[in-house]
Amino acid sequence: MKIEQLFPETANLFGDPGNLRYLQLCLPQAEFCATHLTAHTPLFAKEPVSLIYMGPMSEAAQLRAIEALRPHREALIKQIEAGTPMLFTGNAPEVLCERIDTPNGPVEGLGILPYTVKQEMIHRYNGLTMGTFEGMTILGFRSQFTFGEGDNANSPFLTVERGMGLGPGSRYEGFRLNGLIATYLLGPLLVVNPAFTRWLLAAMGAPCERLPFEEALC
């Protein structure tokens with residue numbers, strides 16, 4: 001079992017690398033592989049992986065991530081179509097969007113997720129989100145300079161009960177596309193939501209009856 005972390009040198013904000021550190025406790029037998037921005041080809045484009053993970057990053061690093069993945073867009077789409085589990089947190093989903101409208105002009109994303117993003121660097125949104133996914137309650141924190149515009153009602157990650165969805169007024173947060181979970185939630189998400197961690201492990205083909213430190217998490 002191989003788990004690929006994309007661009008850990010920059011996609012590492014808000015404590016979200018804790019997601020992978022927790023997965024290492026859950027899956028001590030797994031191989032955790034880092035793909036850096038300087039890599040010519042990500043691992044998922046060369047061989048099967050059990051999970052592709054990318055965490056939040058600065059706006060400058062986000063542009064570098066888009067360009068690093070652009071040559072491998074079709075390989076990434078094939079992994080999504082195949083149902084490969086993926087977890088993109090914080091602003092990492094924006095790498096997959098159609099367009100980011102920045103103060104310096106528009107930037108084309110990878111065009112995999114059907115939404116656009118407006119970046120407003122003088123308006124940071126901080127807030128909590130609670131929603132439901134597969135019958136479970138998911139909690140998470142959000143901190144972002146962007147607001148999404150698009151229709152994710154048919155493919156959301158969460159149906160929001162409290163907090164903001166994709167943008168102001170939206171009841172739907174993030175995207176779920178086959179095995180891809182793309183969410184603005186920070187946390188780290190897997191530590192805060194053990195039921196979702198158990199779901200993700202099962203999706204990866206490694207079901208776990210009892211999580212490490214489960215009593216402390218619940």
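It should be noted that the structure appears before, not after, this text.
So, how was this worked out
- Note that residues are indexed from 1 along each chain, following the sequence as it is written.
- Where local features are concerned, this predicted model is filtered to residues with pLDDT of at least 70; where side-chain atom pairs are given and counted, the filter is 80 or more; whole-chain, interface and lining totals use all residues.
- Values reported for side chains reflect all heavy atoms of the structure, with hydrogen atoms and water molecules removed beforehand.
- Grouping buried Ala, Val, Leu, Ile, Met, Phe, Trp, Tyr and Cys residues that are joined through side-chain atoms within 4.5 Å yields what is termed a nonpolar core.
- Working definition: with a 1.4 Å probe on protein chains only, accessible area under 20% of the residue-type maximum means buried, over 50% means exposed, and in between means partly exposed.
- Counting from the N terminus, the helices are DSSP H or I runs at least four residues long and the strands are E runs at least two residues long.
- Two residues qualify as a contact provided that any one of their heavy atoms is within 4.5 Å of a heavy atom in the partner residue.
- Any two strands are treated as partners once DSSP identifies two or more bridges connecting them.
- Inter-axis angles, ranging from 0 to 180 degrees, are taken between N-to-C directions of lines fitted to C-alpha atoms, where helices are fitted over the stretch in contact.

Draft legend 1. Structural detail: the nonpolar core. If you look at the biggest cluster of nonpolar residues, it comprises 36 residues, and the most contacted ones within it are Met54 and Phe88. The set of elements that each furnish at least two residues to this core consists of strand E3 (51–54), helix H2 (59–69), helix H3 (73–81), strand E4 (86–88), strand E7 (115–119) and strand E14 (180–182). Leave out the neighbours within four places in its chain, and Met54 touches Leu6, Phe7, Ala11, Leu69, Leu87, Phe88, Thr89, Ala92 and Val95. In this structure, Leu23, Leu27, Leu158 and Phe196 belong to the second largest nonpolar core, which totals 27 residues.

Draft legend 2. Inspection of the sheet that holds strand E11 (residues 158–162) at higher detail. One open sheet holds the four strands; their spatial order is E9-E8-E11-E12, and the pairing between them is antiparallel. If you trace the sheet from one side to the other, it starts and ends with strand E9 (136–144) and strand E12 (172–173), each paired once. Relative to E12, E11 runs antiparallel, the two being bridged by two bridges. Each bridged residue has a counterpart across the sheet, and for Leu158 the counterpart in E12 is Glu173. Each of strand E8 (125–133) and E9 is contacted by helix H5 (residues 194–203), which is oriented at about 100 degrees to E9, the strand it contacts most.

From the geometry alone we can't say anything about function, so treat these as descriptive.
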